[in-house]
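Residue strings, one per chain:
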Amino acid sequence: MTILGMNIMPEPLLREKVTEAIRASIAAGNLAPGQKLVEREICGELGISRTVLREALQNLEAEGLIVNRSRRGRTVISIGRQEAADIYAVRKALEGLIGSGFADNATAVQIKKLKAHLQSMRSRQPRDAFAAEQQFFAIMRDHCGNHVAADFARQLDGRVMILKQLSTFQNISYPERLQELDAIVAAIETRNGKLTGELCMRRIERLSEGVVNLMEDAEAMVS
């Protein structure tokens, strides 16, 4: 039932939509690392109140996508080379645990779901690789049986989203990335937790080398 014939979106749902809209803009690079978020401009563009916007920004701050500095206000997080290396070191350990846990604990139905997702990735465009791989590992994370590792991995998602803009420039083709995932699934099907964890960690090492080396080259050019 509506009042005065008006359909007004509930505030919690609106906050979620605003959070997702800003998150998507950051993921697409429309909001660049280090860019200041001007509340007046965002409220005007989205047609929302500052209260709703600030709640959405608090969500994104908790995800690690933005930072709040007293003098500058809120800005999109900017990640340096050392922090990127640290993020990948933690991510490597977590995905090793998640991979081995999934191989040991996943049900046949959950493994089938993972295989079906990998199969669907073969018809996707390379530009969609990050989102598809993120979904692949989300399936493993959600069913690995290690809730602590899964929770910490989710907390890294925001920073990983920022770094993914660099990972697209790595010297590895989309078919090669699919081969990495094929090997992981093959190890899972044999219930080889140790090998699955090692393959997951090896993949993160490759990602880390590509991104950190690129950042080093960029810093060298600036200096």
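Since the model is a prediction, treat every value here as computed from it, not as a measurement.

*Asks:* Give me the lowdown on the packing of helix α5 (residues 108-121) against helix α8 (residues 174-189), citing residues and values where you can.
*Replies:* For the pair α5 and α8, interaxial distance at closest approach is 11 Å and the crossing angle is 165 degrees. In terms of orientation, α5 lies roughly antiparallel with respect to α8. By crossing handedness, the relation of α5 to α8 is classed as left-handed. Contact residues: Ile111, Leu114, Lys115, Leu118 and Met121 in α5; Tyr174, Leu178, Leu181, Asp182, Val185, Ile188 and Glu189 in α8. The class makeup of the residues in the contact of α5 with α8 is 9 nonpolar, no polar and 3 charged.

*Asks:* If you had to explain the environment of glutamate 133 to someone new, which residues and values would you point to?
*Replies:* Relative to the assigned elements, glutamate 133 resides in helix α6 (residues 129-142). Along the primary structure glutamate 133 and arginine 177 are separated by 44 residues, whereas in three dimensions their C-alpha atoms are 9.1 Å apart. Leaving out residues up to four positions away in the same chain, glutamate 133 has contacts with Met121, Arg177, Leu181 and Arg203.

*Asks:* Give a detailed account of the pairing of strand β2 (residues 73-76), specifying residues and quantitative values.
*Replies:* Where strand β1 (residues 66-69) meets β2, 4 bridges bridge the pair, whose relative direction is antiparallel. Considered in β2, the bridge of asparagine 68 is made with arginine 74. Adjacent in sequence and paired antiparallel, β1 and β2 are bridged by 3 residues.

*Asks:* Break down the confidence of the model for the chain for me, with residues and values.
*Replies:* Looking at the chain, pLDDT values average 85 and 88% of them are 70 or higher. Confidence, read as mean pLDDT per element, is least for helix α9 (residues 193-222) in the chain (79) and greatest for α5 (97). Taken as a whole, residues 1-8 scores under 50 in pLDDT and shows 1 contact with residues more than four places along the chain or in a different chain.

Cut-offs and rules
Residues numbered from 1 in each chain as written. Predicted model: local features only at pLDDT ≥ 70, side-chain atom pairs only at ≥ 80, totals over all residues. Heavy atoms only, no water. Axes fitted to C-alpha atoms, helices over the stretch in contact; angles between N-to-C directions. Helix = DSSP H or I, 4+ residues; strand = E, 2+ residues; numbered from the N terminus. Parallel < 35°, antiparallel > 145°, perpendicular 65-115°, else oblique. Left-handed = near helix turned anticlockwise from the far one by under 90°. Contact = heavy atoms within 4.5 Å. Nonpolar A, V, L, I, M, F, W, Y, C, P; charged D, E, K, R; others polar. Pairing = 2+ DSSP bridges. pLDDT = per-residue confidence, 0-100.

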